[in-house]
Amino acid sequence: MLEFITNLKQRYQIIQSGFAEDGTQWTVFQTCIEQLILIESFLLKGQFIEQGRLPINIAVIGPTQSGKSTVVNLLLNQNAAGVSPLAGYTVHPQGFAVDLTADALSGITQYFSGFQEVQQHTLDHDRYACYSLNPISTNKLPECVLWDTPDFDSIDAHSYREGALKSLALADVLVLVVSKEKYADQSVWDTMALLESLNQPVLVVVNKLTAESQLIVVDSFKERWQQVRHDKLPGIMPILFSKGEIPEAQQNELLNLLNNSINKIKRKKHEVAATSFIKQHWQSWLAPVRSEQEAQTTWQILIDQAIKQALVEYQRDYLDHPQHYDTFQNALIKLLTLLEVPGLANVIAQSRKLLAWPLRKVFSAGKRKYNQSYPKTQETAVLQQIAEHVFLQMGDKILDQVDLSHENNKWWKAINSQLRQEKGIILKYFEHSTEVYHAGFKQEIENTAQGLYRKLEEHPALLNGLRATRVTADAAMLALAVQAGGIGLHDLLIAPAMLSVTSYLAESAIGSYLQRAETELKHQQLNAVKQQLFTQVIQQALTGLPEKMMRNTYFNISTRQLAEAEAQLEQKRHGLRIL
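Rules used throughout
- Within every chain, residues take consecutive numbers counted from 1 along the sequence as written.
- This being a predicted model, a pLDDT of at least 70 is required before a residue's local features are given, and a value of 80 or more before pairs of side-chain atoms are given or counted; all residues contribute to the totals for chains, interfaces and linings.
- Side-chain figures throughout are based on the complete set of non-hydrogen atoms in the structure, without hydrogens or water.
- Criterion used throughout: strands pair if DSSP finds at least two bridges between them.
- A run of DSSP states H or I qualifies as a helix once it reaches four residues; a run of E qualifies as a strand once it reaches two. Both are numbered from the N-terminal end.
- Seen with the strands pointing away from the viewer, any crossover whose path from the first strand over the helix to the second strand runs clockwise is right-handed.
- Working rule for helices: expected span equals 1.5 Å times residues minus one.
- Residue burial is assigned from relative accessible area. The probe radius is 1.4 Å, only protein chains are included, and a residue is buried under 20% of its type maximum, exposed over 50%, and partly exposed in between.
- Arc definition: it is the arc formed by the directions from the helix axis to the C-beta atoms.
- Contact between two residues is taken to exist if any of their heavy atoms lie within 4.5 Å; hydrogens are not considered.
- Between N or O atoms, a polar contact is any pair within 3.5 Å; within protein, one atom must be a potential hydrogen donor and the other a potential acceptor, and residues adjacent in sequence are included only when both atoms are from side chains.
- Helix axes use the C-alpha atoms of the stretch in contact, all axes being lines fitted to C-alpha atoms, and the angles between their N-to-C directions lie in the range 0 to 180 degrees.
- Between 30 and 60 degrees the pair is tilted, below 30 it is stacked and above 60 it is edge-to-face, where a pair is any two Phe, Tyr or Trp rings, Trp via its six-membered ring, whose centres lie within 6.5 Å.
- For a lysine, the NZ atom is tested; for an arginine, the CZ atom; a charge sits over a ring if that atom is within 6 Å of the ring centre and within 35 degrees of the ring normal.
- It is the rotation of the near helix from the far one that decides the hand of a crossing: anticlockwise by less than a right angle makes it left-handed, clockwise makes it right-handed.
- Orientation labels follow simple angle bins: below 35 degrees gives roughly parallel, above 145 gives roughly antiparallel, 65 to 115 gives roughly perpendicular, and whatever is left gives oblique.
- For this scheme, ten residues count as nonpolar: Ala, Val, Leu, Ile, Met, Phe, Trp, Tyr, Cys and Pro. Four count as charged, namely Asp, Glu, Lys and Arg, and the remainder, Gly too, count as polar.
- Patch criteria: residues need more than 30% relative accessible area and no salt bridge. Like-charged residues are merged within 9 Å; nonpolar side chains of Val, Leu, Ile, Met, Phe, Trp and Tyr are merged within 5 Å.
- Reported accessibility uses the Shrake-Rupley method at a 1.4 Å probe radius. Residues are deemed covered only where the shown protein chains occlude them.
- Salt bridge, as used here: a side-chain nitrogen of Lys or Arg that lies within 4 Å of a carboxyl oxygen of Asp or Glu.
- When charges are tallied, Lys and Arg are placed among the positive residues and Asp and Glu among the negative ones, while His and the ends of the chain are skipped.
- Where a charge lies is defined by one atom per residue type, namely NZ (Lys), CZ (Arg), CG (Asp) and CD (Glu).
- Values of pLDDT, ranging from 0 to 100, describe the predictor's confidence in every residue of the model.

Got a minute to help me understand the pairing of strand 8 (residues 235-240) in this structure?
For a regular strand, side chains alternate in direction, first toward one face of the sheet and then toward the other. Here 5 bridges tie strand 7 (residues 202-209) to strand 8, and the two strands are oriented parallel to one another. By the bridge assignment for strand 8, Leu209 is matched with Leu240. You can see the chain leave strand 7, run along helix 7 (residues 214-228) and come back into strand 8, and the turn it takes is right-handed.

Listed below in structure tokens is the structure:
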């Protein structure tokens, strides 16, 4: 699941980079990206928890100018966090490792992979992918890492939002710091609503209060909490505005409330919390993915329909066509060579070769002249016409989808452009594959001829009769060829013999076997063309077109990938572990 979440987040970020920042779509994507960064980090945290490599982490969070850094210093009982009257002063996660060894912090370093750890005093406001982790000692807190975090409501907050979100996900306890001016801000409640399903104990510090406003503000905060969240009210610590030291008694009260929150940590339920968060946002994350997949599904249906129709046309225009189909005739020609009468074969073969020479020269010249214009066989012509028709058909269907599908209109225009771009390449490869198929299918023709010959051997009288017919046909053919000067536009050397053999076989005892042999050869040929040409060439090429479209425009997450992720999500135990 972690792998899927990371991939989904990256796809969102890449696609969002093509949007204008002031656009609605950019804002919608930004919301999803922030949610994905948060749960990605939370899942990663779960791995380090399982490995026992993560100390307790406490994150002090809140809007600008609420006094987060002041509260950090109060909890540490020393001035460790930088304090400034300027809004947005803290833009990096700043950790304070309370009485922890370097080994105990190794998981933190790996958790912030992609961020650079630097010294606190060298943090650069222009480089957001940084954090600091400072060792510190205090008798006020147990062993833990206390984090001073960036705000989440300033104008530039989205620039350093990732660091803030990683801090939120890492926290076992959240210390929310708000002020009298900031507690009602929508950004505060949006963040607290987002974090609810992660089941992190929360301590609230309402800062900068006056004696007159304290009760009103705290009661208002409680009411708003109950409107936004469904868990119990957190511990709330009001702090009056003061430029001097906070009384020790109030400091101790704050520490006691924090210890109570630490005691509520339930790391064993980390996976349950992660699952709850993912399920809460799953449908909204995947809405644009599913829309894209809907277009891809329709695209695949159109491809399947086109391939099915192509095979129907191939059967009609070649296999079942009385003038075009010549494959079985080639098998019978091969059979003629097997029917040579011992003793006469050499004589007839030499005569046939001699008389065929002028004819071969005619065909050779024609081949050189028309090789680029005319197909090598009738089947090649039919296949090429069908392949070109598939592309015309797909182009028309895409244009129909452009008119019909408003949500995926952009996707269909892109696939149409990709189809035009790839058409010539695919057709060229189809032509090459047709030649490979023809060369490979010769063995099936040979096998058919051999099968016919073995069947004839089971009938000696029929075989001898055929040989006699073959000799008679050859003699007649030779006489005719001599009278014609050995040159003609028709193949006088084969056609008469083959016609006589075909007629003789059809009327013989193996006539039914002849029909079955032809039917079986057609079946093998149909399967070969379907698999080697239409499935492995055209169908695969068309199916792969969406993946070739610009990767900064589409998610390109397959239905299989999504189904596997949803299956992991529904697993009862360890369903969210990275595979």
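Now that the structure has been shown, we can carry on.
Looking at this structure, I do not really get helix 18 (residues 559-570). What am I missing?
Along an α-helix, residues three or four positions apart point the same way, because every turn accommodates 3.6 residues. Compared with an ideal rise of 1.5 Å per residue, which puts 12 residues at 16 Å, helix 18 spans 16 Å between its outermost C-alpha atoms and is within 8% of the ideal. Those residues of helix 18 that fall on the buried side of the exposure criterion are Leu562, Ala565, Gln568 and Leu569. Axial view of helix 18: buried residues confined to an arc of 120°, hence all on one face. Seen from the buried face of helix 18, the exposed residues on the opposite side, beyond 90 degrees, are Arg560 and Glu570. Next to the buried residues of helix 18 lie helix 1 (2-16) and helix 9 (270-319).

Help me out: how do you make sense of the side chain of Asn207 in this one?
Looking at the element boundaries, Asn207 is found in strand 7. Here Asn207 falls in the buried class, since its relative accessible area comes to 8%. At 3.0 Å, the side chain of Asn207 and the backbone oxygen of Ser66 are in polar contact. Every residue in contact with Asn207, bar those within four places of it in the chain, is listed here: Ser66, Gly67, Val177, Val178, Ser179, Lys180 and Ile239.

Is there a simple way to think about the sheet that holds strand 4 (residues 130-136) in this case?
As a general point, the strands of a sheet are linked pairwise by backbone hydrogen bonds and lie either parallel or antiparallel. Ordered in space as 3-4-2-5-1-6-7-8, the 8 strands form an open sheet in which the pairing is mixed. Sheet topology places strand 3 (116-117) and strand 8 at the edges, where each strand pairs with a single neighbour. Both strand 6 (residues 173-179) and strand 7 contribute to a ladder of 6 bridges, which runs parallel. Residue Val177 lies in a different strand from strand 7, and its bridge partner there is Val205. Sitting on the sheet, helix 6 (residues 186-195) is in contact with strand 1 (57-61), strand 6 and strand 7, with an inclination near 165° to strand 6.

Please explain the packing of aromatic side chains as it appears in this structure.
Working definition: an aromatic ring pair is given by the centre-to-centre distance plus the angle between the planes. Applying the stated rule across the entire model yields 20 aromatic pairs. Seen from their ring centres, Tyr12 and Phe555 are 5.0 Å apart, and the 75° between their planes marks the pair as edge-to-face. On the criterion of sequence distance, the pair formed by Tyr12 in helix 1 and Phe555 in the loop between helix 17 (545-548) and helix 18 is long-range, its members being 543 residues apart. According to the relative accessible area criterion, Tyr12 is buried, its value standing at 1%. Ring geometry for Phe221 versus Trp225: centroids 6.2 Å apart, planes at 35°, classification tilted. Taken together, the residues span about one helical turn, with Phe221 and Trp225 both in helix 7 at a distance of 4 residues. Each member of the pair Phe221 and Trp225 is classed as buried. Taken together through their ring pairs, the aromatic side chains of Tyr111, Phe112, Phe115, Tyr131 and Trp147 make up a single cluster. Lying over the aromatic face of Tyr111, Lys166 brings its terminal NZ or CZ to 4.9 Å of the ring centre.

It is not clear to me how the side chain of Gln200 should be interpreted in this structure. Could you clarify?
With respect to the helices, strands and loops of the structure, Gln200 is situated in the loop between helix 6 and strand 7. Take Gln200: its relative accessible area is 7%, and that puts it in the buried class. A polar side-chain atom of Gln200 sits 2.8 Å from the main-chain carbonyl oxygen of Leu168. Looking at Gln200, its side chain comes within polar contact range of the main-chain oxygen of Ala171, at 2.9 Å. Apart from the residues lying within four places of it in its own chain, the contact partners of Gln200 are Leu168, Ala169, Ala171, Asp172, Leu174 and Leu195.

Please clarify how the packing of helix 9 against helix 13 (residues 409-457) should be interpreted in this entry.
Packed helices, taken two at a time, are described by their axes: the angle between them and the distance between them. Taken N-terminus to C-terminus, the directions of helix 9 and helix 13 make an angle of 35°; their axes are 14 Å apart at the nearest point. When the axes of helix 9 and helix 13 are compared, the crossing they make is right-handed. Facing Glu292, Ala295, Gln296, Thr298, Trp299, Leu302 and Tyr314 of helix 9, the residues of helix 13 in contact are Trp411, Trp412, Ile415 and Tyr437.

Is there a simple way to explain the packing of helix 2 (residues 24-50) against helix 9 in this structure?
Interhelical geometry of helix 2 versus helix 9 gives an angle of 160° and a closest axis separation of 10 Å. Taken together, the axes of helix 2 and helix 9 lie roughly antiparallel to each other. Relative to helix 9, the crossing made by helix 2 is left-handed. For the pair helix 2 and helix 9, contact is made by Cys32, Gln35, Leu36, Leu38, Ile39, Phe42, Leu43, Lys45, Gly46, Ile49 and Glu50 and by His270, Glu271, Ala273, Ala274, Phe277, Ile278, His281, Ser284 and Trp285, respectively. When its residues are assigned to classes, the contact of helix 2 with helix 9 shows 12 nonpolar, 5 polar and 3 charged.

So what exactly am I meant to see when it comes to the environment of Leu215 here?
With respect to the element layout, Leu215 can be found in helix 7. For Leu215, a relative accessible area of 60% translates into the label exposed. Measuring from C-alpha to C-alpha, the distance between Leu215 and Pro238 comes to 9.1 Å, with 23 residues separating the pair along the chain.

What's the story with a positive patch on the surface in this structure? I'm lost.
Taken together, the side chains of Lys232, Lys264, Lys266 and Lys269 present a region of like positive charge at the surface. Mapped onto the fold, Lys266 is located in the loop between helix 8 (248-262) and helix 9. Accessibility expressed as a relative area gives 51% for Lys266, which makes it exposed.

Sorry if this is basic, but what is going on with the confidence of the model for the protein here?
Low-confidence regions, as indicated by low pLDDT, have predicted coordinates that should not be scrutinised in detail. For the protein, per-residue confidence averages 81 on the pLDDT scale, and 81% of positions sit at 70 or higher. For the protein, per-element mean pLDDT is lowest for helix 11 (residues 345-370), which scores 47, and highest for strand 1, which scores 94. Below a pLDDT of 50 lies the segment residues 574-579, which in the model reaches 19 contacts outside its immediate sequence neighbourhood of four places, other chains included.

Looking at this structure, I do not really get the pattern of salt bridges. What am I missing?
Working definition: two side chains of opposite charge can pair if their charged atoms are close together. Applying the stated criterion to the full structure yields 14 salt bridges. Taking the shortest distance from any N to any O, the salt bridge between Lys279 and Glu570 comes out at 3.8 Å. Of this pair, Lys279 sits in helix 9 while Glu570 sits in helix 18, and the two are 291 residues apart along the sequence. For Glu422, the salt bridge is made with Lys548, and the minimal N-O distance between the two is 3.5 Å.

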